[in-house]
Amino acid sequence: TREQMESRILEIKQRLGEKLFIPGHHYQKNEVIQFADVSGDSLQLAQLCADNEKAEHIVFCGVHFMAETADILTSDNQKVYLPDMRAGCSMADMADIFQTDRAWDALVEQFGETIVPLTYVNSTAAIKAFVGKNGGATVTSSNAHAMVKWAFAQKERILFLPDQHLGRNTAFDIGIPLEQMAIWDPINDKLDYEGNPEDILVILWKGHCSVHENFTVKNTADVREQYPAMRIIVHPECSREVVSMADDSGSTKYIIDAIENAVSGSQWAIGTEMNLVNRLIQSHPDKQIISLNPSMCPCLTMNRIDLPHLLWSLESIEGGEEVNVIKVDKETSKDAVKALERMLERA
Ligand code: 13P
Ligand code: SF4
């Protein structure tokens, strides 16, 4: 039963003490987050893993790229586990290293050494390594503005992987006109741009989040019509059109802080993942909160981590087995860490 699973998890947590660390991303289900030692957004969790020297076992309740990042940032005697290997990220899957190498060759041929690559942490370790090797850095939605500015202090142009929306929204916010942004299409190995290529400042990878793309212009217009007093706040993985119609946009942490600091009685429509929106609804009964899209928008891969998988992972650790260990090879790790450190130094 559920109660038996919960008490087994508690027992194992107690027995392993500080040897065990369970970070949980804000998009995880309540049944999982209740056992997390810390919950946070992707930047906070990466920092907490990097700072934790005591835990031998890190059971990452989040998605694959986050567990890879935790492995890269921890030492060799610390093992990182993902309770369900199917917990991937559809956005991270939209850029593979072979496509990236081909894109880079073509772009360097066209623009010479004028480009610095940036990758959203929602990407594979191989892409982080590619970015680290080529003088670039990772970004998260909490520090994207600072990192894009940093990149422009290095070189004239940036290549932003793999989320076109976070790239476009961030570059737009720091004053880059949309007309100076091009799209790299990794399926056809082609740069889509209508003007003079010399004017391009930002090259956006044609990737997106299948969860945040579900918040539409129509949803936004519907909320405006039905609830004129409602403030709309969205994650920057939403499209430019949706972000420009919203009152505010920001990372997972930014959204949480906005709701926590809001006055009692205020009304909010939130454009981000369902588990987080539901948790905010439950923890703020004094505010009227809805999802910007009435069908709520769960991240199906985040949701693959559930109570049975968490228990199974913990039991296997206790039994001395090494199941679902996420291990990034040394060569990749060595370059990926450069990209992550350039971000963490500034985060
Ligand atoms: P945060 O960086 O806001 O945690 O977002 C991670 C993510 O996967 C958003 O979809
Ligand atoms: Fe990936 Fe989107 Fe899920 Fe975040 S919400 S983990 S970007 S698919």
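Residues numbered from 1 in each chain as written. Chains lettered and ligands numbered in written order. Predicted model: local features only at pLDDT ≥ 70, side-chain atom pairs only at ≥ 80, totals over all residues.

So the rule is basically this: UniProt positions are given in the numbering used here, feature names are shortened, and annotations may be inferred rather than shown by experiment.
Under an unreviewed UniProt entry, the protein chain has the name Quinolinate synthase and belongs to Sporosarcina limicola. Checking UniProt for the protein chain, the heading Catalytic activity (unreviewed entry) contains the comment "iminosuccinate + dihydroxyacetone phosphate = quinolinate + phosphate + 2 H2O + H(+)".

Focus on the sheet that holds strand 5 (residues 79–81)
The condition is simple: At least two DSSP bridges between two strands are required for those strands to pair. Each helix corresponds to a stretch of at least 4 residues labelled H or I by DSSP, and each strand to a stretch of at least 2 residues labelled E; elements are numbered beginning at the N terminus.
Reading across the sheet, the 3 strands line up as 1-4-5 and stay open at both edges, with parallel pairing between neighbours. Looking at which strands have only one partner, the edges of the open sheet turn out to be strand 1 (20–21) and strand 5. Two strands pair when backbone bridges link them, and strand 4 (residues 57–59) and strand 5 are joined in this way by 3 bridges, in the parallel orientation. Of the residues in strand 5, the one forming a bridge with I58 is V80.

Description of the environment of G17
Our working rule: Buried residues are those with 20 or more other C-beta atoms within 10 Å of their own C-beta, exposed residues have 12 or fewer, and partly exposed residues lie in between; C-beta atoms are placed from the backbone.
The residue G17 is located in the loop between helix 1 (2–16) and strand 1 in this model. Using a count of 9 C-beta atoms within 10 Å as the deciding quantity, one classes G17 as exposed. In this structure the C-alpha to C-alpha distance between G17 and Q4, which are 13 residues apart in sequence, comes to 20 Å.

Some remarks on helix 14 (residues 330–344)
In an α-helix, one turn spans 3.6 residues; hence positions three or four apart end up facing the same way. Using the following cut-off: To estimate the expected span of a helix, count its residues, drop one, and scale the result by 1.5 Å.
Compared with an ideal rise of 1.5 Å per residue, which puts 15 residues at 21 Å, helix 14 spans 20 Å between its outermost C-alpha atoms and is within 8% of the ideal. For helix 14, the full list of buried residues reads T332, S333, A336, V337, A339, L340, R342 and M343.

Here's the deal with the UniProt feature "binding site: [4Fe-4S] cluster" (unreviewed entry) in the protein chain
For the record, the criterion: Throughout, a pair of residues is in contact if the C-beta atoms placed from their backbones lie within 7 Å.
Per the UniProt entry, the sites bearing "binding site: [4Fe-4S] cluster" (unreviewed entry) are C89, C209 and C299 in this numbering. Taken together, the annotated residues stretch across 211 residues yet fold into one region, lying no more than 9.4 Å apart by C-alpha. Residues within four places of C89 in sequence aside, it is in contact with V63, H64, F65, N122 and T301. With respect to the helices, strands and loops of the structure, C299 is situated in the loop between strand 15 (288–291) and helix 13 (307–318). With residues near it in sequence (within four places) discarded, C299 still touches Y27, V211 and E273.

A few points about the site of ligand 1
The line we're drawing: To decide whether a residue is near a molecule or strand, its C-beta atom is placed from the backbone and checked for lying within 6 Å of it. Nonpolar residues are Ala, Val, Leu, Ile, Met, Phe, Trp, Tyr, Cys and Pro. Charged residues are Asp, Glu, Lys and Arg, and all others, Gly as well, are polar.
The environment of ligand 1 is formed by D41, S42, L43, N122, T140, S141, C209, E237, S251 and T252. Looking at the shell around ligand 1 residue by residue, the class counts come to 2 nonpolar, 6 polar and 2 charged.

Concerning the sheet that holds strand 13 (residues 248–249)
Filter applied, for reference: Only C-alpha atoms enter the line fits that serve as axes; for helices the fit covers just the stretch in contact. Angles between N-to-C directions range over 0 to 180 degrees.
With parallel pairing, 4 strands are arranged side by side in an open sheet as 13-12-14-15. What marks the edges here is a single partner per strand, and that holds for strand 13 and strand 15. As defined by bridge partners, strand 12 (residues 231–234) adjoins strand 14 (residues 267–271) across 4 bridges and the pair is classed as parallel. Note on strand 14: the bridge partner recorded for V234 is G271. Strands strand 14 and strand 15 of the sheet are contacted by helix 12 (residues 274–283), whose axis makes an angle of about 165 degrees with strand 15.

Structural notes on unusual backbone geometry
One non-glycine residue, D189, lies in the positive phi region at around 50 degrees. Mapped onto the fold, D189 is located in the loop between strand 9 (181–185) and strand 10 (190–192). On the basis of neighbour count, D189 is assigned to the exposed category, with 12 C-beta atoms found within 10 Å. Here N324, not a glycine, exhibits a phi torsion of approximately 55 degrees, which is positive. What makes N324 buried here is the crowd of 20 C-beta atoms within 10 Å.

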